[in-house]
Amino acid sequence: MAPSNFIRNMIAEDLAADKHGGRVHTRFPPEPNGYLHIGHAKSICLNFSVAAENKGHCNLRFDDTNPAKESQEYVDAIKDNIKWLGFEWHGEVRYSSGYFEYLYRFAVQLIENGLAYVDSLSPDEAREYRGTLTEPGKNSPDRGRSIEDNLELFERMRAGEFEDASYSLRARIDMAAPNINMRDPVLYRIRHIAHHQTGDQWCIYPTYDYTHCISDAIENITHSLCTLEFEDHRPLYDWILNNLDIASLREVSDLGKQDVKYVLPQQTEFAKLKLNYTIMGKRNLKEMVDTGVVTGWDDPRMPTLAGMRRRGFTPASIRNFCESVGVSRSESIVDMSMLEHAIREDLDRNAPRAMCVLKPLKVSLENLDEGHREILSLQNHPKNELMGRRDVPFTRDIYIDRADFEEEPPAGFKRLVAGGEVRLRGSYVIKCMDVVKDANGEITELKCSVDKDTLGKKPEGRKVKGVIHWVSASEGIPISIRLYDRLFNVENPESKDIEDYRDCLNPNSLIEVTGSIVEPSVLNESASPNFQFEREGYFCIDHKDSTENDPIFNRTITLRDSWSA
RNA sequence: UGGGGUGUCGCCAAGUGGUAAGGCACAAGGUUUUGAUCCUUGCAUUCGUUGGUUCGAAUCCAGCCACCCCAGCCA
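Every chain is numbered on its own, with residues counted from 1 as its sequence reads. Both sets of labels track the order of writing: A upward for chains, 1 upward for ligands. In view of the model being predicted, local features appear only for residues whose pLDDT reaches at least 70, and side-chain atom pairs are presented and counted only at 80 or more, with totals across whole chains, interfaces and linings using the full set of residues. Side-chain numbers come from the whole structure's heavy atoms, not from hydrogens or water.

**Focus: the sheet that holds strand β26 (residues 537–541)**
For step 1, the next point in the chain: When DSSP finds two or more bridges between a pair of strands, those strands are recorded as paired. Here a helix means four or more residues in a row that DSSP labels H or I, a strand means two or more in a row labelled E, and each is numbered from the N terminus. Across the sheet, which stays open at both edges, the seven strands sit in the order β10-β25-β26-β27-β23-β24-β11 with mixed pairing between neighbours. Here the strands that pair on one side only, and so sit at the sheet edges, are β10 (353–354) and β11 (356–357).
For step 2, the next point in the chain: Taken together, the two bridges between β10 and strand β25 (residues 531–533) define a ladder with parallel strand orientation. Bridge assignment links R353 to a residue of β25, and that residue is Q532.

In structure tokens form, the structure reads like this:
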């Protein structure tokens with residue numbers, strides 16, 4: 001059962017009180033002005049699951065009221081991300097811009113009722129008239145304009161007779177309101193600019209505050225969930241809906257013709273997701289992309305869904321993570337380890353195992369024939385036989401990782417040492433007979449012998465503790481590997497006491513390793529999208545930068561490591 | 001000296017007057033051909049703080065403190 005949170009509780013209460021005639025209808029309303037990140041995932045999961053749990057629906061609505069910042073590219077990417085996460089929105093994709101005509105008519109209605117007026121104050125003047133946090137504002141000289149004049153001017157605004165920002169339509173509320181959002185907020189502004197959905201049909205665009213509540217009402221949304229910073233906007237959300245004629249609102253709503261209880265939507269706010277060691281601000285993320293700090297929105301180090309996907313995160317891991325962080329009203333910063341736990345949990349259960357040597361050290365097994373080759377059948381998953389087996393070629397020359405051999409091992413070292421024994425994973429126990437070095441004293445090769453009586457059984461009379469991974473030298477395939485670490489080396493790069501988040505970048509957030517060797521099965525046509533390279537971590541192929549001759553693998557996450565020298 | 005919020009274990013978080021769930025992290029054991037996984041155990045006499053009400057308070061009341069949001073014709 002889903003954990004309890006204040007929103008689920010509220011919905012349960014609303015249902016019990018039959019507040020919406022048994023309906024639960026939510027919506028995810030992104031502005032298409034950037035890529036979705038893990039913070040959006042929290043909202044997506046919340047909105048979609050809360051609807052599904054109550055046999056309700058969740059719409060996808062692009063809140064596209066500011067064409068200057070938006071584009072079709074983002075619309076497409078957002079739709080793609082949501083589908084990838086595994087959610088299905090109700091019906092067609094919605095656009096706030098799809099309601100522009102209704103919005104216009106409702107604005108006329110407000111004007112007719114003396115609740116909105118056309119203002120000729122410039123943006124700068126409007127700011128002065130607004131007052132401050134502690135001082136009330138003062139009325140615009142245009143506040144008393146007649147309804148007829150307002151109607152005419154608003155129509156001419158729409159007709160394109162005026163320049164940008166020369167007029168605006170404002171709600172007539174209260175310039176002395178302690179809540180600044182209620183000091184005659186702007187409802188419409190003039191922008192002679194094309195819109196990605198409506199082209200040049202419009203030159204006046206409604207603001208978020210005016211649009212959002214009406215769009216919710218049109219879509220018969222019951223619970224309008226948003227983040228905490230919109231809390232102060234709720235009185236305005238309610239003011240607009242309550243000052244419109246409810247019958248005409250109902251009439252244009254999706255369920256207008258149906259015999260359902262028409263109830264105005266209700267906004268509820270929850271805390272945004274913050275993760276330590278990363279940033280979530282769209283502006284900063286965009287800046288990192290634009291200035292080349294990262295390679296793009298889908299850079300595997302980015303907290304974007306596109307980046308995490310490329311990094312190897314699974315939809316299930318992200319959904320589980322969002323569920324595990326919960327939903328509350330207290331602003332919190334979630335520890336990275338929770339995200340890491342979520343992806344490890346999923347991949348441990350579902351990713352097939354394989355062997356890959358990151359930094360190869362050649363080992364020749366001296367007591368095998370030159371052309372020795374045998375096929376070992378290894379289980380793809382140690383606990384799940386259903387995941388099958390694969391053939392792994394075992395040959396006279398193999399590679400092990402340089403880190404798995406030490407001439408002067410630290411205390412507790414369980415791997416290979418000169419004269420010592422170690423188990424080759426899924427294969428034999430070998431003993432190191434000789435260490436070959438070059439002129440610089442660098443180890444270039446190990447000469448070992450195989451205990452042929454140890455395949456699938458313990459050696460007799462002694463214990464061999466260590467198990468290391470290996471790959472056939474002649475049949476392994478060279479690949480490149482990208483190791484990722486957190487992008488920042490401070491917990492909260494966006495905190496107030498940090499001047500510039502760019503000063504806190506982790507210089508080792510990406511380490512490229514070339515010349516790694518992987519067992520051949522990993523590159524099969526039908527290979528799994530994710531692997532655990534045993535003892536190294538979880539990896540996936542990078543579809544963007546890989547070439548036929550140089551496959552590149554991204555390390556999604558390391559294995560937990562309780563030893564780490 | 002305006003308005004709106006939030007404060008429960010290192011990090012999330014449940015709890016809504018009946019005597020502090022859970023997860024992550026961490027620590028200690030056990031199993032293990034991945035120093036992984038898995039299993040077991042431990043981990044808040046205390047809920048920002050000070051008072052008050054009550055047989056009983058994290059939950060109700062009052063004061064105080066800390067932090068967050070708001071002065072875009074952004075969302």
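**What to know about the packing of helix α2 (residues 38–53) against helix α12 (residues 315–325)**
For step 1, the next point in the chain: The contact between α2 and α12 brings their axes to 9 Å, and the two run at 75°. Overall, the two elements α2 and α12 adopt an arrangement that is roughly perpendicular. Between α2 and α12, the contacting residues are I38, A41, K42 and C45 on the first element and I318, R319, F321 and C322 on the second. Helix axes are fitted only over the stretch in contact, all axes being lines through C-alpha atoms; the angle between N-to-C directions runs from 0 to 180 degrees. Every angle not falling under 35 degrees, over 145, or within 65 to 115 is termed oblique; those three ranges are roughly parallel, roughly antiparallel and roughly perpendicular. Residue contacts follow a heavy-atom distance rule, with two residues in contact if any of their heavy atoms lie within 4.5 Å.

**Regarding the sheet that holds strand β12 (residues 360–365)**
For step 1, the next point in the chain: Read across the open sheet, the seven strands follow the order β21-β18-β19-β20-β12-β15-β22; overall the sheet is mixed. Looking along the sheet, the strands with just one partner apiece sit at the ends: β21 (467–468) and β22 (470–472).
For step 2, the next point in the chain: Relative to strand β19 (residues 429–437), strand β18 (residues 421–424) runs antiparallel, the two sharing three bridges. Residue pairing across strands places V422 opposite I430, the latter belonging to β19.

**Considerations on helix α3 (residues 72–85)**
For step 1, the next point in the chain: Here the expected span of a helix is defined as 1.5 Å times the quantity of residues minus one. The end-to-end C-alpha separation of α3 is 20 Å, in line with the 20 Å expected for 14 residues at 1.5 Å each.
For step 2, the next point in the chain: Phi for G86, located one or two positions after α3, is positive at around 100°.

**Notes on the protein's contact with RNA strand B**
For step 1, the next point in the chain: Here a residue counts as near a molecule or strand whenever at least one of its heavy atoms sits within 4 Å of it. Around RNA strand B, the structure places 70 residues, and the nearest of them are L121, R191, R353, R425 and Q532.
For step 2, the next point in the chain: Per the 4 Å cut-off to the protein, sugar and phosphate atoms form 68% of the nearby atoms of RNA strand B.
For step 3, the next point in the chain: Pairs of N or O atoms are called polar contacts if they sit within 3.5 Å, as long as, within protein, a hydrogen donor faces a hydrogen acceptor (for residues adjacent in sequence, only side-chain-to-side-chain pairs). Taking K458, its side chain carries an N or O atom lying 3.2 Å from a phosphate oxygen of RNA strand B.
For step 4, the next point in the chain: With respect to RNA strand B, the side chain of W563 contributes an N or O atom lying 3.1 Å from a base nitrogen.
For step 5, the next point in the chain: Of all elements in the fold, only α5 (123–130), β6 (186–190) and α13 (336–350) reach the threshold of two or more residues within the surface near RNA strand B.
For step 6, the next point in the chain: Here the surface near RNA strand B takes four residues from α13, the largest share from any one element.
For step 7, the next point in the chain: Side-chain classes follow a simple rule in which Ala, Val, Leu, Ile, Met, Phe, Trp, Tyr, Cys and Pro form the nonpolar group, Asp, Glu, Lys and Arg form the charged group, and the remainder, Gly included, forms the polar group. Class assignment for the residues of the surface near RNA strand B results in 20 nonpolar, 23 polar and 27 charged.

**Some points on the pattern of salt bridges**
For step 1, the next point in the chain: The rule for a salt bridge is simple: a side-chain nitrogen of Lys or Arg has to be within 4 Å of a carboxyl oxygen of Asp or Glu. According to the stated counting rule, one finds 46 salt bridges in the structure shown.
For step 2, the next point in the chain: With a shortest N-O distance of 3.3 Å, R482 and E512 are connected by a salt bridge. Highlighted residues: R482 in strand β23 (residues 477–484) and E512 in strand β24 (residues 510–518), separated in sequence by 30 residues.
For step 3, the next point in the chain: Within this structure, D298, R310, R482, E512, D542, K544 and D545 form a network of salt bridges that share partners.

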